[in-house]
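# Architecture at a glance
The chain contents come next:
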Amino acid sequence: MRYYSTRNKAEGVSFARAALTGLAPDGGLFVPEVIPPYPESVRSSLGTMDFHDIAFETVKPYVHGEIPDPVLEDMVHAAYPFAAPLVPVGDRLVLELFHGPTAAFKDFGARFMARAFAYLRRGEEKPLHILVATSGDTGGAVAAGFYGVEGIGVTVLYPKGRVSPLQERQIAGLGGNIKAVAVEGSFDDCQRLVKTAFSDQDLQKKQALSSANSINISRLIPQSIYYAAAAGKALAGKTDLPHEGSPWASPGAAASPRTWAFKPGQPITFCVPSGNFGNLTAGLYAMKMGAPIRGFIAATNVNKTVPDYLASGLYQPRPSQATISNAMDVGAPSNFERMIAQWSLEELQRILQGVWVSDEATRRIIQQVHHTQGYFLDPHTAVAWQGFDQLRGSAPSCTDPVGILATAHPAKFAEIVEPLTGPVPVPVSLKQVMERKPLAQIIPVDISALLEVLC
Ligand SMILES: *Cc1c(COP(=O)(O)O)cnc(C)c1O
């Protein structure tokens, strides 16, 4: 498979090149030359296939000729020792994407990317050094994804005192090949320091540097896997049993009889809480590959650049506004460029409905779903749940399956959820994180201080 920049269709590069460079040299994003359809034998068996087999079949055509099948097979098993259960809650299905080590869906992209990088760089002498700036969530997923991966070191910069205690432990509690740097400044300062380090000639000579941000194609593609798996199950009329670590108020709540049943044979509509639109773009890829998906609802918080675009046809990026679903506080979504490079506005309007949700409505729905269903929503998942309610008039009726993507475990955002619901059950993975001791080097906003840490 060749990959092209969204800004230049002339020069293709390999998967390895696209993954290891991240951003195209012209500032565009890498996209595959085609989105490969599933073979019919795979497409028709998505409802019965094992998750790892779906993972293998989904990623295979994108890395063909660069990652041998047996290596890819091992890679998807090593990346995903956890499940993505599709669980009925009230009148809809919740796709729980928070059973990985950082309790958020970014584990799916980050853990595959880490293993792909390690393989693609086998035999290289210079160790690869990955530099990331984070406002909280991405750093944890990248750190956990690369932890223990040979030949790769990671340095995560985060604004000192501005991430939650849990996030700090996810970033700075690992040690080993993960170095944490607490910057006495803002997230923007961290980003600026990383950019400056990338342009430092001396550093470039000494080390192979790479970034691992959310625009990386090797993070995007594996996110299609759970869409295909869930769409296959829904079409077959199947759901999963509540999982260890599912956020039910009591074991009884999950087991209570459900009055709602959806008809098998209907394609699912996914409701996706969106910020940078990587998750949603991966859903579009899964649909184009042939997974049985009716369409998508793109739910945002007040940072509603894309819902506005779908309504008006005008793309107007703007500065981001702070909300309680802060992983979606994005005013200029980076994956938008990928979406419009591969789908026309008319196509997007056919497949995608946009909706935005206020903080007030987000809080209200967390409280209501806890009260009526005994299920805890995190603020991001709540935006998707509420977004579907707001559109219900024009959205498919509930006899058709509707899947809410649950992008984070509510315990990750306990400071927002618990005042609305009371104590949230904490999954084992997060309990273990809280026991770690964060160890970070503290530096001022000064490039020479960073370069000293890096050399
Ligand atoms: C990153 C993130 C999102 C937004 O995903 P995008 O791919 O950026 O649209 C939603 N919810 C949570 C919990 C996240 O961490």
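Let me begin by describing the structure that accompanies this report. Note that the structure is predicted; figures quoted are calculated from it, not measured.

### Here we look at the overall build of the protein
The number of helices and strands found in the protein is 21 helices and 14 strands. A compact globule built from 455 residues should have a C-alpha radius of gyration of about 23 Å, and the protein, at 21 Å, falls within 12% of that. Projecting the C-alpha coordinates of the protein onto the three principal axes gives extents of approximately 65 × 50 × 45 Å. In the protein, which comprises 455 residues, the share counted as buried stands at 59%.

### A short note on the sheet that holds strand β7 (residues 152-159)
Note on sheets: strands pair through backbone hydrogen bonds, and any given pair is parallel or antiparallel. Across the sheet, which stays open at both edges, the five strands sit in the order β9-β6-β7-β8-β14 with parallel pairing between neighbours. Lying at the two open borders of the sheet, with one neighbouring strand each, are β9 (208-210) and β14 (441-443). For this sheet the average axis-to-axis angle between neighbouring strands, irrespective of direction, equals 25°. Both strand β6 (residues 128-133) and β9 contribute to a ladder of three bridges, which runs parallel. Bridge pairing in β9 places Ile130 opposite Ser210. Contacting β6, β7, β8 (178-183), β9 and β14, helix α8 (residues 187-198) runs over the sheet at an angle of about 150° to β6. Contacting β6, β7, β8 and β14, helix α21 (residues 447-454) crosses the sheet at an angle of about 155° to β14.

### A word on the site of the ligand
Near the ligand you find 15 residues, and of these Lys106, Gly275, Asn276, Phe277 and Thr407 are the closest. Asp137 places a polar side-chain atom, nitrogen or oxygen, 3.3 Å from an oxygen atom of the ligand. The separation between an oxygen atom of the ligand and a polar main-chain atom of Asn276 is 2.8 Å. For the ligand, whose accessible area on its own is 390 Å², the fraction buried by protein is 96%.

### As for the packing of aromatic side chains
Applying the stated rule across the entire model yields 18 aromatic pairs. Between the aromatic rings of Tyr80 and Phe82, the centroid separation amounts to 6.1 Å while the plane-to-plane angle is 85°, which identifies the pairing as edge-to-face. Neither Tyr80 nor Phe82 differs from the other in exposure class; each is buried. Relative to Trp343, the ring of Tyr285 lies with its centre 6.1 Å away and its plane at 40°, an arrangement referred to as tilted. Of this pair, Tyr285 sits in helix α13 (residues 278-289) while Trp343 is found in the loop between α15 (336-342) and α16 (345-351), placing the two residues 58 residues apart along the sequence. Take Tyr285 and Trp343: they sit in the same class, and that class is buried. Members of the aromatic cluster, each reached through a chain of ring pairs, are Phe51, Tyr80, Phe82, Phe108, Tyr226, Tyr227, Phe270 and Phe296.

### Examining the sheet that holds strand β1 (residues 3-5)
Spatially, β2-β1-β3 is the arrangement adopted by the three strands of the open sheet, whose pairing is antiparallel. For this open sheet the edge positions go to β2 (8-13) and β3 (30-32), each flanked by a neighbour on one side alone. Pairs of neighbouring strands in the sheet enclose a mean axial angle of 40°, with direction left out of account.

### Brief notes about the nonpolar core
If you look at the biggest cluster of nonpolar residues, it comprises 98 residues, and the most contacted ones within it are Tyr3, Phe146, Tyr226, Tyr227, Phe270 and Phe296. Among all residues touching Phe296, those that are not within four sequence positions of it are Tyr227, Thr269, Phe270, Val272, Leu280, Gly283, Leu284, Met287, Ile351, Leu352 and Gln353. Counting residues in hydrophobic clusters, the runner-up holds 37 residues, among them Val94, Ile297, Ile366 and Trp385.

### Thoughts on helix α18 (residues 379-391)
Over its 13 residues, α18 runs 18 Å from end to end, which matches the ideal 18 Å to within 8%, given 1.5 Å per residue. A large share of α18 lies buried, amounting to 11 of its 13 residues. Those residues of α18 not exposed but buried are Pro379, His380, Thr381, Ala382, Val383, Ala384, Trp385, Gln386, Gly387, Phe388 and Leu391.

### A few points about the environment of Phe413
Among the structural elements, Phe413 can be located in the loop between β13 (402-406) and α19 (414-421). Separated by 352 residues in sequence, Phe413 and Pro61 have C-alpha atoms that sit 37 Å apart. The residues contacting Phe413, other than those within four sequence positions of it, are Asp137, Asn326, Asp378, Pro379, His380 and Ala408.

### Looking at unusual backbone geometry
Trans is the prevailing form of peptide bonds, just as negative phi is the prevailing case for residues other than glycine. Residues other than glycine seldom take positive phi values, yet Ala103 does so here, at roughly 60°. Examined against the element boundaries, Ala103 turns out to sit in the loop between β5 (92-96) and α5 (106-120). For Phe277, which is not glycine, the phi torsion reads 70° and is therefore positive. The exposure class of Phe277 is buried, given its relative accessible area of 3%.

### Concerning the packing of helix α17 (residues 359-373) against α18
Helix packing geometry: the angle between the two helix axes and the distance between the axes. Running from amino to carboxyl end, α17 crosses α18 at an angle of 90°, the nearest separation of the two axes being 9 Å. Accordingly, the angle class assigned to the pair α17 and α18 is roughly perpendicular. Between α17, through Ala361, Thr362, Ile365, Ile366 and Val369, and α18, the contact on the second element is made entirely by Pro379, Ala382, Val383, Trp385, Gln386, Asp389 and Gln390. Among the residues forming the contact of α17 with α18, the class breakdown is eight nonpolar, three polar and one charged.

### What to know about the pattern of salt bridges
In total, this model carries 15 salt bridges according to the counting rule given. Taking the shortest distance from any N to any O, the salt bridge between Glu57 and Lys60 comes out at 3.9 Å. Taken together, the residues span about one helical turn, with Glu57 and Lys60 both in helix α3 (residues 51-63) at a distance of three residues. Here Lys412 and Asp137 are joined by a salt bridge, their closest N and O atoms 3.3 Å apart. Separated by 275 residues along the polypeptide, Lys412 in the loop between β13 and α19 and Asp137 in helix α6 (residues 137-146) bring together distant segments of the chain. For the residue pair Lys412 and Asp137, the accessibility class agrees, reading buried in each case.

### Overview of the pairing of β5
Where burial is concerned, most of β5 is hidden: five out of the five residues are buried. Judged by which residues are buried, β5 turns out to be covered on both faces: Arg92, Val94 and Glu96 on one side and Leu93 and Leu95 on the other are all buried. With four bridges connecting them, strand β4 (residues 86-89) and β5 associate as antiparallel partners. Its bridge partner lying in β5, Leu86 is registered against Leu95. Linking β4 back to β5 in an antiparallel pair, the connection comprises two residues, with Gly90 at a positive phi of about 60°. Bridge analysis of β5 against β13 gives four bridges, and the strand direction is parallel.

Criteria and thresholds
- Residues numbered from 1 in each chain as written.
- Predicted model: local features only at pLDDT ≥ 70, side-chain atom pairs only at ≥ 80, totals over all residues.
- Heavy atoms only, no water.
- Helix = DSSP H or I, 4+ residues; strand = E, 2+ residues; numbered from the N terminus.
- Rg over C-alpha atoms; globule rule 2.2 N^0.38 Å.
- Buried < 20%, exposed > 50% of the residue type's maximum accessible area, 1.4 Å probe, protein only.
- Pairing = 2+ DSSP bridges.
- Axes fitted to C-alpha atoms, helices over the stretch in contact; angles between N-to-C directions.
- Contact = heavy atoms within 4.5 Å.
- Near = heavy atom within 4 Å.
- Polar contact = N/O pair within 3.5 Å; in protein donor to acceptor, adjacent residues only side chain to side chain.
- Areas by Shrake-Rupley, 256 points an atom, 1.4 Å probe, with all protein chains shown as cover.
- Phe/Tyr/Trp six-rings, centres within 6.5 Å; stacked < 30°, edge-to-face > 60°.
- Core = buried A, V, L, I, M, F, W, Y, C linked by side-chain atoms within 4.5 Å.
- Expected span 1.5 Å × (residues − 1).
- Parallel < 35°, antiparallel > 145°, perpendicular 65-115°, else oblique.
- Nonpolar A, V, L, I, M, F, W, Y, C, P; charged D, E, K, R; others polar.
- Salt bridge = Lys/Arg side-chain N within 4 Å of Asp/Glu carboxyl O.

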